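Structural features, examined
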Amino acid sequence: MMNVKERYEEAKAKYASIGVDTEEVLQKLAEVKISMHCWQGDDVKGFLTPDGELTGGIMATGNYPGAAHTPDQLRQDLEKAFSLIPGNHKLNLHAMYLDTDEPVDLNEIEPKHFEKWVAWAKEQGIGLDFNPTFFSHPMMKDGLTLAHPDKEVRDYWIEHGKRARKIAEYMGKEIGQTCIDNFWMPDGMKDNPIDRLSPRQRLMESLDEIFSEDLNEEYTQDAVESKLFGLGAEAYTVGSHEFYMGYGLTRNKLICLDAGHFHPTEVISNKLSSLALFSKGIMLHVSRPVRWDSDHVVIMDDELQEIGKELVRNDLLGKTAIGLDFFDATINRIAAWAIGTRNTQKALLKAMLEPIEELKEAELNFDFTKRLAFTEELKDFPYADVWNYFCEINNVPVGMDWYQEVLQYEKDVQSKRL
């Protein structure tokens, strides 16, 4: 039976026959950093309060044992997950995951409350991204934060947003990698509003105040994220796609596209090339909607592969920050991270293994027969052998071996948690 290297050598030769250099592909894939989200590990509860109450369209369902209850437990689980994923990546951290013994509210947070996370990230050799937390808090009133008509409510959240930016700047400066600070808030209404304009006016003015100070973009960049609707905001979401596309383009912000935040038959892959022409850059939240924004673990479905193709074929990886966003409490949470992140990498790898320039030339010459023949035959090419070799040279488990490590970790660590 051939080993991983032998199978790779056969695959390498097969891809070479269509002009694809797998060694270059592996080098290119190694340069892609995926921002893995912290909130899969504890079901989006965070550490701001002992028992976080989920609000604003955020809900993790299920009661699978072993969730992290402390920052140390979460970091321990993250280390295990990263050990199963090839390459060097980032962690996407929400503000409510601060690590401090000091009682502190969201409008009081400072870099010092995240020093342990920064020290840990340095030890692990990973980057950090950040998100202010505009939910699961008493000051989210009437389903609104930055768009609330009460100035006191808006001022609270404006202060939180300003402090979040300072924390992101601190993280980027300390770690030496740009920290993407992604802004999403669940503001909306359950039933049909009379006035759709005024809340958007207030949101725009609030965001302008948050972003009024210019920060060093070597350390941090701001992103804004839209949504179609959420729990309790079924009829109207203030921060719609059109709102944030306009805001991001006119304010020179990254525009975040979440794969689950659009109509059920709408996909983000087809939006990437258009946004790339006009926007400063793109942030992705790669998720999997089953019934709209249900945040299921990313699988190797058609849309994930289309996202990978769009990013690779159009050379958009340098303009796009790739992050994950799902939370499933019905399965082992480390397995969820491993499956979702590895699949995202696999989708990029499959796209990188295409003879892209040759296919573009065929298309430009209206040789649609060649385009169809190649893209169909490529589906049978041995990309998995290239992937397994990528795992092996990065010293992470090959094939299903990662799953055995998850089971052992569950037995040794997670099963002993209360």
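An unreviewed UniProt entry annotates the chain as L-rhamnose isomerase of Enterococcus mundtii. Word for word, the UniProt comment on the chain under Subcellular location (unreviewed entry) is "Cytoplasm". Quoted verbatim from the Catalytic activity (unreviewed entry) field of the UniProt record, the comment on the chain reads "L-rhamnopyranose = L-rhamnulose".

Comments concerning the overall build of the chain
The number of helices and strands found in the chain is 14 helices and ten strands. A globule of 418 residues ought to have a C-alpha radius of gyration of about 22 Å, and the chain, at 22 Å, matches this closely. Along the three orthogonal principal directions, the C-alpha set of the chain runs to about 65 × 55 × 40 Å. Looking at the chain residue by residue over its 418 residues, the buried ones come to 55%. For the chain, the share of sequence-separated contacts (at least 6 apart) that also reach a separation of at least 24 residues comes to 80%. Roughly 18,700 Å² of accessible area belongs to the chain as shown, and the carbon and sulfur atoms make up 50% of that amount. If you average the places of the 46 positive and of the 72 negative side-chain charges in the chain, the two averages end up 0 Å apart.

Considering the nonpolar core
Formed by 121 residues in total, the largest nonpolar core has its most connected members in Phe-130, Met-171, Leu-207 and Leu-348. Listed in part, the five residues of the second largest apolar core include Ile-180, Ala-223, Cys-256 and Met-283.

Points about the packing of helix α1 (residues 4-16) against helix α2 (residues 22-30)
Running from N to C, α1 and α2 point in directions that differ by 105°, and their axes come no closer than 9 Å. Relative to α2, the element α1 lies roughly perpendicular. Listed contacts from α2 to Tyr-8, Lys-12 and Tyr-15 of α1 are Thr-22, Glu-23 and Leu-26. Class assignment for the residues of the contact of α1 with α2 results in three nonpolar, one polar and two charged.

Points about the pairing of strand β3 (residues 127-131)
Of all five residues making up β3, five are buried, and the element is well covered by its neighbours. Burial along β3 is two-sided: Gly-127, Asp-129 and Asn-131 facing one way and Leu-128 and Phe-130 facing the other are all buried. A crossover connection joins strand β2 (residues 90-94) to the parallel β3 through helix α4 (residues 115-124); in handedness this β-α-β unit is right-handed.

Here's the deal with a nonpolar patch on the surface
Residues Leu-249, Leu-277 and Phe-278 make up a contiguous nonpolar surface patch of about 370 Å² in total accessible area. Relative to the helices and strands, Leu-249 resides in helix α7 (residues 241-251).

Some details on the pairing of strand β10 (residues 320-324)
Two faces make up the sheet, and in a regular strand the side chains alternate between them. Among the five residues that make up β10, four are buried, leaving the element largely enclosed by the rest of the structure. Two strands pair when backbone bridges link them, and strand β1 (residues 34-37) and β10 are joined in this way by two bridges, in the parallel orientation. The residue of β10 that forms the bridge with Ile-34 is Ile-322. Alignment of strand β9 (residues 282-286) against β10, held across five bridges, turns out to be parallel. Opposite His-285, over in β10, you have Gly-323 as the bridge partner. As a crossover connection, the stretch from β9 through helix α9 (residues 302-313) into β10 is right-handed.

Here we look at the packing of aromatic side chains
Summed over all chains, the structure comprises 17 aromatic pairs. Ring centres of Tyr-8 and Tyr-389 lie 4.0 Å apart, and the angle between their planes is 10°; on these two criteria the pair is classed as stacked. Pair noted here: Tyr-8 is in helix α1 and Tyr-389 is in helix α13 (residues 383-393), with a separation of 381 residues, a long-range link. Taken individually, Tyr-8 and Tyr-389 each receive the classification buried, so the pair is uniform in this respect. Within the aromatic cluster, the residues linked to one another by ring pairs are Phe-134, Tyr-156, Trp-157, Phe-183, Phe-211, Phe-243, Tyr-244 and Tyr-247. Between the NZ or CZ atom of Arg-75 and the centre of the ring of Trp-117, over which it lies, the distance is 4.7 Å.

Rules behind the numbers
Residues numbered from 1 in each chain as written. Predicted model: local features only at pLDDT ≥ 70, side-chain atom pairs only at ≥ 80, totals over all residues. Heavy atoms only, no water. UniProt positions renumbered as here; feature names shortened; annotations may be inferred. Helix = DSSP H or I, 4+ residues; strand = E, 2+ residues; numbered from the N terminus. Rg over C-alpha atoms; globule rule 2.2 N^0.38 Å. Buried < 20%, exposed > 50% of the residue type's maximum accessible area, 1.4 Å probe, protein only. Contact = heavy atoms within 4.5 Å. Areas by Shrake-Rupley, 256 points an atom, 1.4 Å probe, with all protein chains shown as cover. Lys, Arg positive; Asp, Glu negative; His and termini not counted. Charge placed at Lys NZ, Arg CZ, Asp CG, Glu CD. Core = buried A, V, L, I, M, F, W, Y, C linked by side-chain atoms within 4.5 Å. Axes fitted to C-alpha atoms, helices over the stretch in contact; angles between N-to-C directions. Parallel < 35°, antiparallel > 145°, perpendicular 65-115°, else oblique. Nonpolar A, V, L, I, M, F, W, Y, C, P; charged D, E, K, R; others polar. Right-handed = clockwise from strand over helix to strand, strands pointing away. Patch = residues over 30% accessible without salt bridge, like charges linked within 9 Å, V, L, I, M, F, W, Y side chains within 5 Å. Salt bridge = Lys/Arg side-chain N within 4 Å of Asp/Glu carboxyl O. Pairing = 2+ DSSP bridges. Phe/Tyr/Trp six-rings, centres within 6.5 Å; stacked < 30°, edge-to-face > 60°. Lys NZ or Arg CZ within 6 Å of the ring centre and 35° of its normal.

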